[in-house]
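Chain residues, written in single-letter form:
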Amino acid sequence: MTTIIDGKALATKLQGEIAEKTVRLKEETGVVPGLVVIVVGDNPASKIYVRNKERSAIAAGFRSEVRQLPENISQDELLEVIEHYNQDSLWHGILVQLPLPKHIDADAVLLAIDPTKDVDGFHPLNMGRLWAGNPIMVPSTPAGIMEMFKEYGIDLEGKRAVVIGRSNIVGKPMAQLLLAKNATVTLTHSRTHHLPKIAKRADILVVAIGRAKFVTADFVKEGAVVIDVGMNRDENGKLCGDVDFDSVAPLASHITPVPGGVGPMTVTMLMEQTYEAAVRTLKK
Ligand code: GUN
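Summary of the structure given here. All values derive from a computational prediction rather than experimental measurement. (Residues numbered from 1 in each chain as written. Predicted model: local features only at pLDDT ≥ 70, side-chain atom pairs only at ≥ 80, totals over all residues. Heavy atoms only, no water.)

**Some details on the nonpolar core**
One finds I145, F149, M174, L178, I204, V206 and I227 to be the most contacted residues of the largest nonpolar core, which totals 29 residues. Every element with two or more residues in this core is listed here: α1 (7-29), α6 (140-151), β5 (160-164), α7 (171-180), β7 (204-207), β8 (225-228) and α10 (262-282). Look past the residues within four positions of I227 in its chain and what remains in contact with it is I5, I145, F149, L205, V206, V207, T256 and V262. I18, V50, Y275 and V279 belong to the second largest nonpolar core, which has 20 residues in total. (Core = buried A, V, L, I, M, F, W, Y, C linked by side-chain atoms within 4.5 Å. Buried < 20%, exposed > 50% of the residue type's maximum accessible area, 1.4 Å probe, protein only. Helix = DSSP H or I, 4+ residues; strand = E, 2+ residues; numbered from the N terminus. Contact = heavy atoms within 4.5 Å.)

Right under this line is the structure:
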């Protein structure tokens, strides 16, 4: 029997808990968590993601702002906007939506965000802390996947975990979080030789390679836990993941659907990190 991991239901539950904690925080301390999302230009995919983040922040009872900036803004002007939010204590989380236009150096932008407000966990200090095994801010997508493992009682200790995809947003931090739970981790990517064979040894398979239905049944061991981070369109324009769900699901012990799997958890974890960043300011 395959268990379909219901990311939407888990996200809704956690989102409710964040809203309750936020009411208590406000009553007890007067602090309202604040999240600003900075968007440059009008990338259509970014628009959808940003709208979801804004809705979720408002539902959690946060102070929420989407700062829309023109496509042709200079790098210096963008850095000034970031510095404004770094200095303003009303904002506990600052997120710059990626991708940025080509004339802007994304590394310089991420470096400019105050690491204590970097709710994406993309600042080199936060990435470094994660690799050192001492994280504060963790990228939301892998953090959401770890919550799913917890909720579904999936034990990682000593398990063989294979991550497909090595992005800074998902693959690399995912590998580190699995390692921290004592999984034995193999981090693979599009140039990995014998990828199906390596994937087939996995007890836990996390796929974040950005190719529609890339992982088929010949990548998956019977009884594996399969987590699909992909968000693609298939040949008919229908939303699909990086995993060919129909051929893989019968083999898996647990699998995430697309949509309704990892996606909703990403936004919820961003809210959790913003809430925690706000609480942390009280302990300074
Ligand atoms: N673009 C796609 N995913 C993300 C994300 O998690 N954070 C940011 N800032 N931009 C993204």
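**Overview of the side chain of D120**
By secondary structure assignment, the location of D120 is in the loop between α4 (106-112) and α5 (124-131). Buried D120, no salt bridge; nearest opposite-charge side chain is K53, N-O distance 5.4 Å. Sequence-distant contacts of D120, that is, excluding residues within four places in its chain, are made with L95, V96, V138, P139, S140 and L270. (Lys, Arg positive; Asp, Glu negative; His and termini not counted. Salt bridge = Lys/Arg side-chain N within 4 Å of Asp/Glu carboxyl O.)

**Some remarks on the packing of aromatic side chains**
Under the defined criterion, the tally for this structure stands at two aromatic pairs. Plain terms: the ring middles of Y85 and W91 are 6.0 Å apart, the flat faces sit at 80° to each other, and that makes the pair edge-to-face. (Phe/Tyr/Trp six-rings, centres within 6.5 Å; stacked < 30°, edge-to-face > 60°.)

**Quick look at the layout of surface pockets**
Of the volumes computed, that of the largest pocket is approximately 1,400 Å³. Along its surface, the largest pocket is lined by 50 residues, and Y49, T141, M231, G263 and T266 are the ones closest to its centre. For the lining of the largest pocket, the elements supplying multiple residues, two or more each, are α1, α2 (44-59), β4 (93-96), α6, β9 (232-233) and α10. Classifying every residue of the lining of the largest pocket by side-chain character gives 25 nonpolar, 18 polar and seven charged. Estimated volume of the second largest pocket: approximately 570 Å³. Contributing elements (two or more residues each) for the lining of the second largest pocket: α1, α6, α7 and α10. Element by element, the count of residues in the lining of the second largest pocket is highest for α6, at five residues. Class assignment of the residues belonging to the lining of the second largest pocket gives a composition of 14 nonpolar, three polar and nine charged. (1 Å grid on protein atoms, 1.4 Å probe; cavity = no way out; pocket = protein on both sides within 12 Å on 5 of 7 lines; lining within 4 Å. Points joined across faces, edges and corners; volume = space filled by probe spheres on them. Nonpolar A, V, L, I, M, F, W, Y, C, P; charged D, E, K, R; others polar.)

**Quick word on the sheet that holds strand β2 (residues 34-40)**
Spatially, the three strands line up as an open sheet ordered β3-β2-β4, and their pairing is parallel. The open sheet terminates on both sides in strands that have one partner only, identified here as β3 (63-69) and β4. Taken pair by pair, the neighbouring strands of this sheet meet at an average axis angle of 15°, ignoring direction. Pairing analysis gives seven bridges linking β2 to β3, with the strands arranged parallel. Residue pairing across strands places I38 opposite R67, the latter belonging to β3. Contacts from α2 reach β2, β3 and β4, with the element oriented near 160° to β3. Of the strands in this sheet, β2, β3 and β4 touch helix α3 (residues 75-87), which is tilted by about 180° from β2. (Pairing = 2+ DSSP bridges. Axes fitted to C-alpha atoms, helices over the stretch in contact; angles between N-to-C directions.)

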